[in-house]
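Observations on the model geometry
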Amino acid sequence: MSQLNILRYPDPRLHKVAQPVKVFDDRLKKLVADMAETMYEAPGVGLAATQVDVHEQLIVIDTSETHDDLKVFINPEITWASPEKQVYDEGCLSVPGVYDGVERPARVKVRALDLDGKPFEVEADGLLAVCIQHEMDHLKGKVFVEYLSPLKRNRIKTRMVKEERELKREQQKVVGAR
(Lines give C-alpha, C1' and ligand atoms only; values in the text may rest on other atoms or scores of the structure.)
Protein backbone atom coordinates (compact mmCIF):
# COMPACT_ATOMS: atom_id res chain seq x y z
CA MET A 1 0.00 0.00 0.00
CA SER A 2 1.07 3.55 -0.56
CA GLN A 3 -0.23 6.98 0.24
CA LEU A 4 -1.64 8.98 -2.64
CA ASN A 5 -1.37 12.71 -3.30
CA ILE A 6 -4.61 14.55 -2.47
CA LEU A 7 -5.50 17.34 -4.90
CA ARG A 8 -6.07 20.70 -3.24
CA TYR A 9 -8.82 23.15 -4.09
CA PRO A 10 -8.93 25.05 -6.50
CA ASP A 11 -7.13 22.44 -8.65
CA PRO A 12 -9.23 22.13 -11.85
CA ARG A 13 -8.93 18.33 -11.78
CA LEU A 14 -11.33 18.36 -8.80
CA HIS A 15 -14.04 19.45 -11.25
CA LYS A 16 -13.69 16.46 -13.58
CA VAL A 17 -16.71 14.17 -13.64
CA ALA A 18 -15.85 10.58 -12.71
CA GLN A 19 -16.68 7.68 -15.02
CA PRO A 20 -18.30 4.41 -13.88
CA VAL A 21 -16.00 1.58 -12.82
CA LYS A 22 -16.26 -1.26 -15.34
CA VAL A 23 -13.42 -3.59 -14.33
CA PHE A 24 -13.23 -5.20 -10.89
CA ASP A 25 -9.66 -6.43 -10.63
CA ASP A 26 -6.47 -6.27 -8.54
CA ARG A 27 -5.78 -2.70 -9.73
CA LEU A 28 -9.11 -1.62 -8.22
CA LYS A 29 -8.41 -3.47 -4.95
CA LYS A 30 -4.99 -1.78 -4.71
CA LEU A 31 -6.54 1.62 -5.43
CA VAL A 32 -9.09 1.08 -2.64
CA ALA A 33 -6.33 0.02 -0.21
CA ASP A 34 -4.20 3.05 -1.15
CA MET A 35 -7.18 5.40 -0.84
CA ALA A 36 -8.04 3.97 2.59
CA GLU A 37 -4.46 4.40 3.79
CA THR A 38 -4.39 7.97 2.44
CA MET A 39 -7.72 8.80 4.12
CA TYR A 40 -6.67 7.38 7.51
CA GLU A 41 -3.26 9.13 7.40
CA ALA A 42 -4.73 12.53 6.44
CA PRO A 43 -6.77 12.01 8.78
CA GLY A 44 -10.26 12.02 7.29
CA VAL A 45 -13.53 10.09 7.25
CA GLY A 46 -14.06 9.92 3.49
CA LEU A 47 -12.18 10.14 0.21
CA ALA A 48 -13.34 10.11 -3.40
CA ALA A 49 -11.13 8.80 -6.21
CA THR A 50 -11.45 12.22 -7.87
CA GLN A 51 -9.49 13.73 -4.97
CA VAL A 52 -6.48 11.54 -5.80
CA ASP A 53 -6.74 12.33 -9.53
CA VAL A 54 -8.43 9.04 -10.48
CA HIS A 55 -11.66 9.90 -12.25
CA GLU A 56 -13.66 6.77 -11.51
CA GLN A 57 -16.83 6.47 -9.42
CA LEU A 58 -15.27 5.16 -6.23
CA ILE A 59 -15.45 6.41 -2.65
CA VAL A 60 -14.13 5.09 0.66
CA ILE A 61 -15.66 6.08 3.99
CA ASP A 62 -15.02 5.23 7.62
CA THR A 63 -16.96 7.29 10.16
CA SER A 64 -16.12 4.99 13.09
CA GLU A 65 -14.12 6.27 16.06
CA THR A 66 -11.81 3.24 15.84
CA HIS A 67 -11.09 3.41 12.08
CA ASP A 68 -12.09 -0.21 11.57
CA ASP A 69 -15.32 0.08 9.56
CA LEU A 70 -14.19 0.87 6.00
CA LYS A 71 -17.06 1.19 3.54
CA VAL A 72 -16.40 1.07 -0.20
CA PHE A 73 -18.97 2.43 -2.66
CA ILE A 74 -18.39 1.82 -6.37
CA ASN A 75 -20.65 3.53 -8.91
CA PRO A 76 -22.83 4.88 -6.06
CA GLU A 77 -26.26 6.28 -6.75
CA ILE A 78 -28.65 7.98 -4.34
CA THR A 79 -32.03 6.30 -4.81
CA TRP A 80 -33.89 8.32 -2.17
CA ALA A 81 -33.26 11.42 -0.09
CA SER A 82 -35.39 12.55 2.83
CA PRO A 83 -37.32 15.79 2.48
CA GLU A 84 -36.03 16.91 5.87
CA LYS A 85 -32.67 18.65 5.77
CA GLN A 86 -29.83 19.13 8.23
CA VAL A 87 -26.90 21.51 8.39
CA TYR A 88 -23.57 19.87 9.15
CA ASP A 89 -20.20 21.55 9.56
CA GLU A 90 -18.24 19.96 6.72
CA GLY A 91 -14.54 19.83 6.04
CA CYS A 92 -12.62 18.30 3.14
CA LEU A 93 -9.18 16.78 2.67
CA SER A 94 -8.90 18.83 -0.54
CA VAL A 95 -9.65 22.04 1.37
CA PRO A 96 -7.57 21.55 4.54
CA GLY A 97 -8.40 23.63 7.57
CA VAL A 98 -11.72 24.91 6.22
CA TYR A 99 -15.04 23.96 7.84
CA ASP A 100 -18.47 25.41 7.15
CA GLY A 101 -22.14 24.52 7.40
CA VAL A 102 -23.75 22.81 4.41
CA GLU A 103 -27.43 21.88 4.24
CA ARG A 104 -28.19 18.41 2.85
CA PRO A 105 -30.93 15.78 3.14
CA ALA A 106 -30.86 14.24 6.64
CA ARG A 107 -31.20 10.65 5.34
CA VAL A 108 -30.37 8.92 2.07
CA LYS A 109 -30.61 5.50 0.48
CA VAL A 110 -27.67 4.56 -1.71
CA ARG A 111 -27.23 1.74 -4.19
CA ALA A 112 -23.65 0.82 -5.10
CA LEU A 113 -21.34 -2.04 -5.99
CA ASP A 114 -18.79 -3.64 -3.69
CA LEU A 115 -15.19 -4.58 -4.58
CA ASP A 116 -16.41 -7.77 -6.28
CA GLY A 117 -18.99 -5.91 -8.35
CA LYS A 118 -21.93 -7.15 -6.27
CA PRO A 119 -24.77 -4.66 -5.73
CA PHE A 120 -25.82 -3.55 -2.24
CA GLU A 121 -28.00 -0.87 -0.68
CA VAL A 122 -27.45 1.24 2.42
CA GLU A 123 -29.74 3.61 4.27
CA ALA A 124 -27.77 6.28 6.11
CA ASP A 125 -28.36 9.19 8.44
CA GLY A 126 -26.16 11.51 10.50
CA LEU A 127 -22.48 11.75 9.66
CA LEU A 128 -22.58 8.76 7.28
CA ALA A 129 -25.35 10.38 5.20
CA VAL A 130 -23.42 13.66 5.06
CA CYS A 131 -20.20 11.88 4.15
CA ILE A 132 -21.80 9.84 1.36
CA GLN A 133 -23.35 12.96 -0.18
CA HIS A 134 -20.13 14.96 0.20
CA GLU A 135 -17.99 12.27 -1.46
CA MET A 136 -20.55 11.67 -4.21
CA ASP A 137 -20.39 15.40 -5.00
CA HIS A 138 -16.66 14.92 -5.71
CA LEU A 139 -17.55 12.26 -8.29
CA LYS A 140 -19.70 14.90 -10.02
CA GLY A 141 -16.85 17.42 -9.96
CA LYS A 142 -18.27 19.46 -7.08
CA VAL A 143 -16.39 20.60 -3.95
CA PHE A 144 -18.33 21.48 -0.78
CA VAL A 145 -17.21 25.13 -0.87
CA GLU A 146 -19.46 25.54 -3.91
CA TYR A 147 -22.42 25.42 -1.49
CA LEU A 148 -21.07 28.52 0.27
CA SER A 149 -21.59 32.15 -0.69
CA PRO A 150 -19.41 33.54 -3.51
CA LEU A 151 -17.65 35.79 -0.97
CA LYS A 152 -16.72 32.86 1.31
CA ARG A 153 -15.74 30.71 -1.67
CA ASN A 154 -13.43 33.42 -3.05
CA ARG A 155 -11.79 33.94 0.35
CA ILE A 156 -11.18 30.19 0.64
CA LYS A 157 -9.80 30.02 -2.90
CA THR A 158 -7.42 32.95 -2.23
CA ARG A 159 -6.26 31.32 1.01
CA MET A 160 -5.68 27.92 -0.66
CA VAL A 161 -3.71 29.47 -3.55
CA LYS A 162 -1.57 31.43 -1.06
CA GLU A 163 -0.92 28.32 1.06
CA GLU A 164 0.03 26.33 -2.05
CA ARG A 165 2.50 29.06 -3.11
CA GLU A 166 4.07 29.09 0.36
CA LEU A 167 4.30 25.29 0.38
CA LYS A 168 6.12 25.31 -2.97
CA ARG A 169 8.46 28.04 -1.75
CA GLU A 170 9.32 25.97 1.35
CA GLN A 171 9.92 22.87 -0.79
CA GLN A 172 12.24 24.83 -3.08
CA LYS A 173 14.24 26.05 -0.08
CA VAL A 174 14.68 22.45 1.12
CA VAL A 175 15.76 21.28 -2.35
CA GLY A 176 18.09 24.27 -2.74
CA ALA A 177 19.72 23.57 0.65
CA ARG A 178 20.81 20.07 -0.39
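First things first, this report covers the structure right here in the doc. Residue positions are given per chain, counting from 1 as you read along its sequence in written order. Whole-chain, interface and lining totals are the exception, using all residues; otherwise, since this is a predicted model, local features are given only for residues with pLDDT of at least 70 and side-chain atom pairs are given and counted only at 80 or more. For side-chain calculations, the full set of non-hydrogen atoms in the structure is used, while hydrogens and water are omitted.

Here we take up the sheet that holds strand E1 (residues 46-48). Across the sheet, five strands lie side by side as E1-E2-E3-E6-E7; this open sheet has antiparallel pairing. A strand with exactly one partner marks an edge of an open sheet, and here the two such strands are E1 and strand E7 (119-125). Averaged over all pairs of adjacent strands, the angle between strand axes in this sheet comes to 40 degrees, irrespective of strand direction. What makes two strands pair is DSSP finding at least two bridges between them. In this text, helices come from DSSP runs of H or I with a minimum length of four residues, and strands from runs of E with a minimum of two, each type numbered from the N-terminal end. The sheet contact formed by strand E2 (residues 58-61) and strand E3 (residues 71-81) spans four bridges and is antiparallel. What sits directly across from Leu58, in E3, is Ile74. Contacts: residue pairs with any heavy atoms within 4.5 Å of one another. Note on geometry: axes are lines fitted to C-alpha atoms, helical ones only across the stretch in contact, with angles between N-to-C directions running from 0 to 180 degrees. Contacts from helix H1 (residues 26-41) reach E1, E2 and E3, with the element oriented near 45 degrees to E2. Lying over the sheet, helix H2 (residues 126-139) contacts E1, E2, E3, strand E6 (107-113) and E7, oriented at roughly 150 degrees with respect to E2.

The next subject is H2. In this model H2 runs 21 Å from its N-terminal to its C-terminal C-alpha over 14 residues, within 8% of the 20 Å that 1.5 Å per residue would give. Each residue is assigned to one of three classes by its accessible area relative to the maximum for its type, calculated with a 1.4 Å probe on protein chains only: buried under 20%, partly exposed between the two thresholds, exposed over 50%. When you tally the buried positions in H2, you get 12 out of 14 residues, the bulk of the element. Three or more residues of H2 are buried, namely Leu128, Ala129, Val130, Cys131, Ile132, Gln133, His134, Glu135, Met136, Asp137, His138 and Leu139. Gly141 sits one or two residues past H2 and shows a positive phi near 85 degrees. To estimate how far a helix should reach, multiply one less than its number of residues by 1.5 Å.

Below, the discussion takes up the pairing of E6. Residue alternation in E6 divides its side chains into a buried set, Val108, Val110 and Ala112, and an unburied set, Arg107, Lys109, Arg111 and Leu113. Where E6 and E7 come together, seven bridges link them in antiparallel fashion. Its bridge partner lying in E7, Ala112 is registered against Phe120. The turn linking E6 back onto E7 is made up of five residues, and Gly117 within it adopts a positive phi angle of 85 degrees.

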